[in-house]
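This is what each chain is made of:
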Amino acid sequence: LGPCLKMAAPESEACAAMERSVRQRVPPLLTDLYHFTMAYAYWRSGRHDEPAAFELFFRDNPFGGGFSLFAGLHDCLLFLKHFSFSEEDVQYLRSVLPGCTDPAFFCYLRSLDCSQVTLRSVPEGQTVFARVPLVQVSGPLAVVQLLETSLLCLVNYASLVCSNAARFRLAAGPRLRLLELGLRRAQGPDGGLTASRYSHIGGFDVSSNVLAGCVFGIPVSGTMAHSFVTSFSSLEQVQPRTLSPARGGRDPVDLVTLSLAWRGRICVVLGVEPGQAWLGELAAFLSYAVAFPDQFLAVIDTYSVHRYRERMGGQRRSEDENPDFGNSLRM
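*Asks:* Summarise the overall build of the protein chain; cite the residues concerned and give the values.
*Replies:* Broken down by element type, the protein chain carries 13 helices and 9 strands. In the protein chain, which comprises 331 residues, the share counted as buried stands at 40%. Long-range contacts, defined here as pairs at least 24 residues apart, represent 72% of the contacts in the protein chain between residues at least 6 apart. Per element, the accessible surface of the protein chain, about 19,100 Å² overall, is 55% carbon and sulfur.

Structural data, given as structure tokens:
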């Protein structure tokens, strides 16, 4: 399955953290109530131990694409490994199932596990297609019935995010480094954690999600906040102003003076007035560069996305006229 590939943390620690995460996030009650009513009906009629097989598939590829990536298998296996109902689980089920439910059924639930369940599937990360079974789960009828919603939940979202990440990787090509920064817009904490993990499996290099890095060993990175940029208003706020050359052997360089000189040259190339560049934004970039000289990554759209797009449009026009023009500006 390769669940621990590209782990930044030691492999054993990362795998143990993933196992704990699945146990906490996917207890056996994470399912629909009607699975328990159907399991009871099977049990009541004496059919609960009949052999059965369920197949998982999807009807259409997401995003109008021609393929999907299968993901979530490792979580499914961990879920099956730890599947059992605690006494607290059973007591809750007693409170929500009809009062006519035979008390012996709850004793039956308390004894259940997945020791008689077999799962067959395509490999995780495999390219898959609509209406072709991805997973087959076989075992006692009542047990595999109880597993259905949980397994669908674990596979559907993971495969969706992984497939979307793969589309970004295909569009970006193999050389660009992709950073996943979706936690603040995710479907709750668990959705954010899951999305970070499967974006990484689908092709993203790093995530901004610190918990995902801790739990899954995903390399973490980030840019800067817009609030950091807006907190600066003057170049006088850049302290210290100097950086030592990375290769050494020379005196520290006044980064503010150097940047202002380069700003004048770049404005000439882009055909804009130097006064259009907000000095507070430049001060933020310089301060961040001083703090992180080897890992500088700027957010350039704090004040005017529209103006930035206009400038990039001018850059593309210049590239059409001179193919070598954009090589340095893309750095």
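*Asks:* Describe the sheet that holds strand 5 (residues 135-140), and please don't skip the residues or the numbers.
*Replies:* Across the sheet, 3 strands lie side by side as 1-5-3; this open sheet has antiparallel pairing. Every other strand in the sheet has two partners, leaving strand 1 (51-56) and strand 3 (118-121) as the edge strands with one partner each. The mean angle between the axes of side-by-side strands here comes to 15°, regardless of whether they run parallel or antiparallel. Running over the sheet, helix 6 (residues 141-172) touches strand 1 and strand 5 and is turned about 155° from strand 5.

*Asks:* Tell me what's going on with the layout of surface pockets, and back it up with residues and numbers.
*Replies:* If you add up the space inside the second largest pocket, you get close to 860 Å³. Taken together, 22 residues form the lining of the second largest pocket, with L179, L181, T223, L297 and V299 sitting closest to its centre.

*Asks:* Residue-level account of the packing of helix 4 (residues 87-96) against helix 5 (residues 103-110), with values.
*Replies:* Two elements in contact, helix 4 and helix 5, have axes separated by 10 Å at closest approach and are oriented at 150°. It follows from the interaxial angle that helix 4 and helix 5 lie roughly antiparallel. Taken as a pair, helix 4 and helix 5 cross one another with a handedness that is right-handed. Residues E87, V90, L93 and R94 of helix 4 lie in contact with helix 5, whose contacting residues are P103, F106, L109 and R110. Taken together, the residues of the contact of helix 4 with helix 5 sort by class into 5 nonpolar, no polar and 3 charged.

*Asks:* Give me the side chain of S287: which residues, what numbers.
*Replies:* Considering the arrangement of structural elements, one finds S287 in helix 11 (residues 279-291). If sequence neighbours within four positions are ignored, S287 has contacts with F228, F232, Q237 and V238.

*Asks:* Can you tell me about the pattern of salt bridges, naming the residues and giving the values?
*Replies:* Per the counting criterion, the structure on display carries 8 salt bridges. With its nearest N and O atoms 3.8 Å apart, the salt bridge here joins D75 to R25. Pair noted here: D75 is in helix 3 (residues 73-81) and R25 is in helix 1 (residues 11-25), with a separation of 50 residues, a long-range link. Each member of the pair, D75 as well as R25, carries the same accessibility label: buried. Ionic pairing is found between R197 and D75, a salt bridge with its closest N-O pair at 2.7 Å. In this pair, R197 sits in helix 7 (residues 188-202) while D75 sits in helix 3, placing the two residues 122 residues apart along the sequence. Taken as a pair, R197 and D75 share a single burial class, namely buried. The network of salt bridges with common partners includes R25, D75, D190 and R197.

*Asks:* Before we move on, could you go through the nonpolar core and cite the residues and values that matter?
*Replies:* Counting residues in each nonpolar core, the largest one holds 42 residues, and the members touching the most others are F79, F85, L109 and L147. Mapped onto this core, the elements with two or more residues apiece are helix 2 (33-44), strand 1, helix 3, helix 4, helix 5, strand 5 and helix 6. A per-element tally of this core places helix 6 first, with 9 residues. If we ignore the near neighbours within four places in the chain, the residues touching L147 are F79, L80, F83, C114, V117 and V137. Ranked by size, the runner-up nonpolar core spans 16 residues in total, among them F232, F285, L286 and Y288.

*Asks:* Any chance you could break down helix 4 for me, citing the residues and the numbers?
*Replies:* Residues D89, V90 and L93 constitute the buried set of helix 4. Viewed end-on, helix 4 has its buried residues packed into an arc of 95°, placing them on one side of the element. Across helix 4 from its buried face, at more than 90 degrees, point the exposed residues E88 and S95. Those residues of helix 4 hidden inside the fold are in contact with helix 2 and helix 5.

About the criteria used
Residues numbered from 1 in each chain as written. Predicted model: local features only at pLDDT ≥ 70, side-chain atom pairs only at ≥ 80, totals over all residues. Heavy atoms only, no water. Helix = DSSP H or I, 4+ residues; strand = E, 2+ residues; numbered from the N terminus. Buried < 20%, exposed > 50% of the residue type's maximum accessible area, 1.4 Å probe, protein only. Contact = heavy atoms within 4.5 Å. Areas by Shrake-Rupley, 256 points an atom, 1.4 Å probe, with all protein chains shown as cover. Pairing = 2+ DSSP bridges. Axes fitted to C-alpha atoms, helices over the stretch in contact; angles between N-to-C directions. 1 Å grid on protein atoms, 1.4 Å probe; cavity = no way out; pocket = protein on both sides within 12 Å on 5 of 7 lines; lining within 4 Å. Points joined across faces, edges and corners; volume = space filled by probe spheres on them. Parallel < 35°, antiparallel > 145°, perpendicular 65-115°, else oblique. Left-handed = near helix turned anticlockwise from the far one by under 90°. Nonpolar A, V, L, I, M, F, W, Y, C, P; charged D, E, K, R; others polar. Salt bridge = Lys/Arg side-chain N within 4 Å of Asp/Glu carboxyl O. Core = buried A, V, L, I, M, F, W, Y, C linked by side-chain atoms within 4.5 Å. Arc of directions from axis to C-beta.

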